[in-house]
Amino acid sequence: MFYGLRAGKIGEFRVPGGPCAHCQHDGIQHVSVYGRYLHALFIPIFPVGKKAVSECTNCKKTIPKKEFSSILKQNYEKKLSS
Ligand SMILES: [Zn+2]
């Protein structure tokens, strides 16, 4: 069998996220995207689950994707599709 599932970090980027809910710092959020993907012969075919967390570059507080502000979510999705 040369296909299966692998998990790992599939991307990271810095985006403007609006004021941080924790420190109110209006700055850049560092977003890490983790996912599982199906691979064949160790070549990724498609992702089967994606999880993102964002870390405030000022206070280092991390938030899960479901708590992203609307600005952050917008910028995150723009990055993902580019
Ligand atoms: Zn913060």
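Scoring rules and cut-offs
Residues numbered from 1 in each chain as written. Predicted model: local features only at pLDDT ≥ 70, side-chain atom pairs only at ≥ 80, totals over all residues. Heavy atoms only, no water. Phe/Tyr/Trp six-rings, centres within 6.5 Å; stacked < 30°, edge-to-face > 60°. Buried < 20%, exposed > 50% of the residue type's maximum accessible area, 1.4 Å probe, protein only. Helix = DSSP H or I, 4+ residues; strand = E, 2+ residues; numbered from the N terminus. Contact = heavy atoms within 4.5 Å. Donors = N, O, S within 2.8 Å, 3.2 Å for Na, K, Ca; no water. Tetrahedral: all angles 85-135°; square planar, octahedral: opposite > 155°, others 65-115°. Salt bridge = Lys/Arg side-chain N within 4 Å of Asp/Glu carboxyl O. Pairing = 2+ DSSP bridges. Axes fitted to C-alpha atoms, helices over the stretch in contact; angles between N-to-C directions. Core = buried A, V, L, I, M, F, W, Y, C linked by side-chain atoms within 4.5 Å.

A. Representation of the packing of aromatic side chains. Counted by the stated rule, this structure contains two aromatic pairs. Where F68 meets Y76, the ring centres are 5.7 Å apart and the plane angle is 90°; that geometry is what we call edge-to-face. The two residues F68 and Y76 agree in class, both being buried.

B. Seen up close, the environment of Y3. With respect to the element layout, Y3 can be found in strand 1 (residues 3-19). Residues Y3 and I43 lie 40 residues apart in sequence; the distance between their C-alpha atoms is 8.7 Å. Sequence-distant contacts of Y3, defined by excluding residues within four places in its chain, comprise H39 and A40.

C. Representation of the coordination of the zinc ion within the structure. Every protein donor of the zinc ion is listed here as C20 (SG), C23 (SG), C56 (SG) and C59 (SG), and their distances to the metal cover 2.3 Å. For the zinc ion, the four donor atoms in the first shell make angles of 106 to 113° at the metal, a pattern classed as tetrahedral. Judged by relative accessible area, which is 6%, C20 ranks as buried. Accessibility expressed as a relative area gives 26% for C23, which makes it partly exposed.

D. Molecular detail of the environment of G18. Looking at the element boundaries, G18 is found in strand 1. Overall, the relative accessible area of 7% leaves G18 in the buried class. Remark: the alpha-carbon pair of G18 and H30, spanning twelve residues in sequence, is separated by 12 Å.

E. Inspection of the pattern of salt bridges at higher detail. Scanning the entire structure with this criterion turns up one salt bridge. When the shortest N-O distance is used, the salt bridge between E12 and K9 registers 3.5 Å.

F. Seen up close, the sheet that holds strand 1. Across the sheet, which stays open at both edges, the four strands sit in the order 1-2-3-4 with antiparallel pairing between neighbours. Looking at the sheet topology across the chains shown, the edges are occupied by strand 1 and strand 4 (62-64). Going from strand to strand, the sheet's axes swing by 30° on average, the running direction of each strand aside. In terms of strand pairing, strand 3 (residues 43-56) meets strand 4 through three bridges, oriented antiparallel. Its bridge partner lying in strand 4, S54 is registered against I63. Across the face of the sheet, helix 1 (residues 70-81) comes into contact with strand 1, strand 2 (26-40), strand 3 and strand 4 while running at roughly 130° to strand 1.

G. Main features of the nonpolar core. Counting residues in each nonpolar core, the largest one holds nine residues, listed as F13, V15, V31, V33, A52, I63, F68, L72 and Y76. Those residues in contact with A52 that lie beyond four places of it in its chain are V31, S32, V33, I63, P64, K65, F68 and Y76.

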